[in-house]
Amino acid sequence: MTKIQEVKSIAGAMASKLYALPLTERIGLTGLYLFLFSAWQSKARAAVFFLVMLLPCLFDRRFWQDLKASRTAFLLALLLLYILIRGLLASIENHEYLHYHLKDGVRLMLLGGFVFIAWLLHGDQHRVLLALVIALLGFWAGRLEHFPWSEAFSRIEWWGTRESFGLPSETAFGIYASASAMGLVLLAARVWSVSGATWRKLLAVTLWCMLLMFSIQGIIMAQSRSVWLSVSLLTFILLLLNLHYWRRMGWFKTTMLVLGVAGLLLLLGYANQSTIKKRLATEIDTTIQLLSGNFGEIRAVDAEGHVKSMGVRYHMLMFGIDHWKKNPWFGLGPGISEPLIKKQWVASKTYNHLHNSYLEMLLRLGIAGTVLTFVMLAMIFYGGWLAYRERRIDRDLFLFLMAALTLLLLSSITEFRMLHTDWRYYWFLVGGALYSFSLFKPDSLTKSDPVLSPASSDSG
């Protein structure tokens, strides 16, 4: 069989399995995969494909029946209702802020869209893996569109500049590049064990190496200290958790993987040493003041009037805490941050949020809304853990989903990106994939289907 014939055979098998599904699920899955490929490339295309994914779910009675039996979905409904009521009350209290509460309230409620992806994935790890691969390829295809090709072969050291490659911020790019790197390493055994013709194995390993190199270089180029710290912490934890499992790959593959990743890290670290040193040395005085507890000496701007990112974040925290205390239980409304900063914060009027997702949640929704959010997250984590304990999800995939979601939570300590579409789509994919394993419990027939098998539900 030639390479072209083999590719056609694989595509035909996938198409036949997709065609065997109910019409709504077939359309929804098609929309899901198109959405994931476009999510970090084009907002317009992503929105269209999200609707293609969403509408069939809404018209499928099974979707509503499955969500009705899920405690996590019930808690999500309570949270969405709370955001709606809190926004209405906040708008009544201050009509001037109606626009802000409406805009940010809707954006916060849109985060509930992860349930559609969870339902379409049906707790089937073959579907989850395919979704992750499509999202990975789509993400890097989007970054290549925004690559500075004019500088690639010039004398300009473009790799030493801070880049976002078309995303809203460098930190966002760093988070997604980190998730890409973690996924490639944690799921490496699947790539290195690709069956079939030799050309398929070589193609898979070559693509894996290229994407891992792009991912690590992307983490460096993002120049986000919070991302660097989060990735370092997660890497240490994952290494400890996997010490007794690398041998499953065999000593040869394990050794080659370790040497390959270590060599790549040393090579990229050497090429980017000046960038790394310069970034870590930035605002060293503020770092020393924070570590020594001299909070009164921390300044938001330097002697020349330039904003100090670490210093301004500290003052933002103090500002946010002072205002949160005005209504600690229920917050000041889902859209309060931007008008509050622009009207009452004397340090700077250029910011729209407090650069801390947890303080933002407390300020906007209070303890009540924040507790609802974290209880829902805890239920999703616990559902994933139960699926792993019951062997309904493989260890490598389970670790990646947990690590990818933890990365988002860690980076949220110094960032607030919940209202941005790129953050929202990342949450849709990771949160939806993890939640799908508690929304559905596949039977033995599902596990035998290598691509798109439907699963029977048993919500919990």
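Since the model is a prediction, treat every value here as computed from it, not as a measurement.

A. Broad picture of empty space enclosed by the protein. Inspection of the entire model under this criterion finds two cavities of 30 Å³ or more. Every residue lining the largest cavity is counted, 24 residues in all, and those nearest its centre are L111, T373, L377, M418 and W423. Elements with a contribution of two residues or more to the lining of the largest cavity: α5 (71-93), α19 (357-389), α20 (395-411) and α21 (421-439). Considering every element that reaches the lining of the largest cavity, the biggest residue donor is α19, with nine residues. Its residues assigned to classes, the lining of the largest cavity shows 19 nonpolar, five polar and no charged. Looking at the second largest cavity, its volume works out to about 30 Å³.

B. Spatial organisation of helix α6 (residues 98-110). The end-to-end C-alpha distance of α6 is 18 Å, a good match for the 18 Å that 13 residues give at a rise of 1.5 Å each. Inspection of α6 places H101, D104, G105 and L108 among the buried residues, and these make up the whole buried set. An end-on view of α6 places all buried positions within 110° of arc, on one side of the element. Every exposed residue of α6 that faces more than 90 degrees away from the buried side is listed here: H99 and L102. Those residues of α6 that are buried lie in contact with α5 and α19.

C. Geometry of the nonpolar core. Ranked by size, the top nonpolar core spans 107 residues in total, and within it W40 and W427 carry the most contacts. In terms of residue count, the dominant contributor to this core is α21 (12 residues). If sequence neighbours within four positions are ignored, W427 has contacts with L111, F114, L377, I380, L405, L408 and G432. Counting 14 residues, the second largest nonpolar core, distinct from the first, contains Y97, V312, W324 and L363.

D. Molecular detail of the pattern of salt bridges. Counted according to the given criterion, the structure contains 13 salt bridges. With a closest N to O distance of 2.7 Å, R364 and E360 form a salt bridge. Of this pair, R364 and E360 both sit in helix α19, four residues apart, roughly one helical turn. Of the two residues, R364 and E360, both sit in the buried class. Counted as one network, the salt bridges with shared partners bring together E25, D60, R62 and R127.

E. Quick peek at the layout of surface pockets. Looking at the second largest pocket, its volume works out to about 1300 Å³. Lining the second largest pocket are 43 residues, and of these S226, R313, H355, T414 and E415 sit closest to its centre. Secondary-structure elements contributing two or more residues to the lining of the second largest pocket are α6, α10 (170-186), α13 (225-241), α15 (273-281), α16 (284-292) and α17 (309-324).

F. Seen up close, the packing of aromatic side chains. Overall, the coordinates contain 24 aromatic pairs when judged by the stated rule. Note on F139 and Y176: the rings are 6.1 Å apart at their centroids and 85° apart in plane angle, and the pair reads as edge-to-face. Placement of the pair is F139 in helix α8 (residues 125-145) and Y176 in helix α10, with a sequence separation of 37 residues. Across this residue pair, the class does not change: F139 and Y176 are buried. Members of the aromatic cluster, joined through ring pairs, are W40, F139, W140, F147, F165, F173, Y176, F214 and Y426. If you follow R143 out to its NZ or CZ, it ends over the ring of F139, 5.0 Å from the centre.

G. Here's a closer look at a nonpolar patch on the surface. A grouping of L81, L84, I85, L88, L89 and I92 is seen on the molecular surface, where their side chains present a nonpolar patch of about 560 Å² in accessible area. Here I85 shows up in helix α5. By relative accessible area, I85 is classed as partly exposed at 41%.

H. Region of the structure containing the packing of helix α4 (residues 61-68) against helix α7 (residues 114-121). Taken N-terminus to C-terminus, the directions of α4 and α7 make an angle of 105°; their axes are 11 Å apart at the nearest point. When the axes of α4 and α7 are compared, the pair comes out roughly perpendicular. Contacts between α4 and α7 pair R62, F63, D66 and L67 from the former with V115, F116 and W119 from the latter. Of the residues assigned to the contact of α4 with α7, the class counts are five nonpolar, no polar and two charged.

The rules behind the values
Residues numbered from 1 in each chain as written. Predicted model: local features only at pLDDT ≥ 70, side-chain atom pairs only at ≥ 80, totals over all residues. Heavy atoms only, no water. 1 Å grid on protein atoms, 1.4 Å probe; cavity = no way out; pocket = protein on both sides within 12 Å on 5 of 7 lines; lining within 4 Å. Points joined across faces, edges and corners; volume = space filled by probe spheres on them. Helix = DSSP H or I, 4+ residues; strand = E, 2+ residues; numbered from the N terminus. Nonpolar A, V, L, I, M, F, W, Y, C, P; charged D, E, K, R; others polar. Expected span 1.5 Å × (residues − 1). Buried < 20%, exposed > 50% of the residue type's maximum accessible area, 1.4 Å probe, protein only. Arc of directions from axis to C-beta. Contact = heavy atoms within 4.5 Å. Core = buried A, V, L, I, M, F, W, Y, C linked by side-chain atoms within 4.5 Å. Salt bridge = Lys/Arg side-chain N within 4 Å of Asp/Glu carboxyl O. Phe/Tyr/Trp six-rings, centres within 6.5 Å; stacked < 30°, edge-to-face > 60°. Lys NZ or Arg CZ within 6 Å of the ring centre and 35° of its normal. Patch = residues over 30% accessible without salt bridge, like charges linked within 9 Å, V, L, I, M, F, W, Y side chains within 5 Å. Areas by Shrake-Rupley, 256 points an atom, 1.4 Å probe, with all protein chains shown as cover. Axes fitted to C-alpha atoms, helices over the stretch in contact; angles between N-to-C directions. Parallel < 35°, antiparallel > 145°, perpendicular 65-115°, else oblique.

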